[in-house]
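Summary of the model geometry
Residues per chain, in single letters:
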Amino acid sequence: MKKVEHIGIAVSNLDIANELYTKILGTNPYKTEFVDLEGVKTSFFQSGETKIELLEGIGENNAISKFIKKRGEGIHHIAFEVEDILYEIKRLKDRGFKIINETPKKGADNKLICFIHPKSTNHVLIELCQEIK
Ligand code: ZN
């Protein structure tokens, strides 16, 4: 694992949250993106080497809307940047972690991503991400 790449925060209204985080971080989001496959709208803020990813679900049938319904807004996942996502998936699987998607999928911000189930990580959803080159 190279570093914490970003922290994902579930929000119910991306426009309002963008304004709030612009005030907190003193910078505008550098990117807003729809991830059709996941049914979410995202925006990204740079904060030093790390990013803040805000996520709003579109409609009800997506992970973010379900998360907010169950637990309210808040931190949704922590993402670690990796050099070789397939290697890390195998490494963690071999150590008994439950991988949600063993085949990495294309996520926001030009990344291949996979998630580790919170049941095996003290209830923290962990994302692995690898830059698509
Ligand atoms: Zn993420």
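Predicted, not measured: the structure shown is a model, and the values here were computed from it. (Residues numbered from 1 in each chain as written. Predicted model: local features only at pLDDT ≥ 70, side-chain atom pairs only at ≥ 80, totals over all residues. Heavy atoms only, no water.)

Pairing between the strands of a sheet comes from backbone hydrogen bonds, and it takes one of two forms, parallel or antiparallel. The strand order across the open sheet built from eight strands is β2-β3-β4-β1-β5-β8-β7-β6, with neighbouring strands paired in mixed fashion. Edge positions in the sheet fall to β2 (31–35) and β6 (105–107), since each has one partner strand and no second. Neighbour-to-neighbour, the strand axes of this sheet turn through a mean angle of 35°, independent of strand direction. Where helix α1 (residues 14–25) meets the sheet, its contacts fall on β1 (3–10), β2, β3 (40–47) and β4 (50–57), and the angle it forms with β3 comes to roughly 5°. Against the sheet, helix α3 (residues 85–94) touches β7 (111–116) and β8 (126–131), its axis set at about 155° to β8. (Pairing = 2+ DSSP bridges. Helix = DSSP H or I, 4+ residues; strand = E, 2+ residues; numbered from the N terminus. Axes fitted to C-alpha atoms, helices over the stretch in contact; angles between N-to-C directions. Contact = heavy atoms within 4.5 Å.)

Examined against the element boundaries, Thr121 turns out to sit in the loop between β7 and β8. Within polar-contact distance, the side chain of Thr121 engages the backbone oxygen of Val124 at 2.4 Å. Contacts of Thr121, omitting those with residues within four sequence positions, involve Phe97, Ile116 and Ile126. (Polar contact = N/O pair within 3.5 Å; in protein donor to acceptor, adjacent residues only side chain to side chain.)

The next point concerns the coordination of the zinc ion. The coordination sphere of the zinc ion, as far as protein atoms go, consists of His6 (NE2), Glu53 (OE), His77 (NE2) and Glu127 (OE), spread over 2.1 to 2.2 Å. For the zinc ion, the four donor atoms are set out with angles of 83 to 167° between them, so the coordination reads as irregular. Counting the intervening residues between successive donors of the zinc ion yields the motif H-x46-E-x23-H-x49-E. Of this pair, His77 sits in strand β5 (residues 74–81) while Glu127 is found in strand β8, placing the two residues 50 residues apart along the sequence. An identical accessibility class is assigned to His77 and Glu127; each is buried. (Donors = N, O, S within 2.8 Å, 3.2 Å for Na, K, Ca; no water. Tetrahedral: all angles 85-135°; square planar, octahedral: opposite > 155°, others 65-115°. Buried < 20%, exposed > 50% of the residue type's maximum accessible area, 1.4 Å probe, protein only.)

With that out of the way, let us pick up the confidence of the model for the protein. Looking at the protein, the pLDDT average stands at 95 and 100% of residues meet or exceed 70. Confidence, read as mean pLDDT per element, is least for β6 in the protein (90) and greatest for α1 (98). (pLDDT = per-residue confidence, 0-100.)

Attention shifts here to unusual backbone geometry. One non-glycine residue with positive phi stands out, namely Asn110, at about 60°. When you line up the elements, Asn110 lands in the loop between β6 and β7. For His123, which is not glycine, the phi torsion reads 65° and is therefore positive. Checked against the element boundaries, His123 lands in the loop between β7 and β8.

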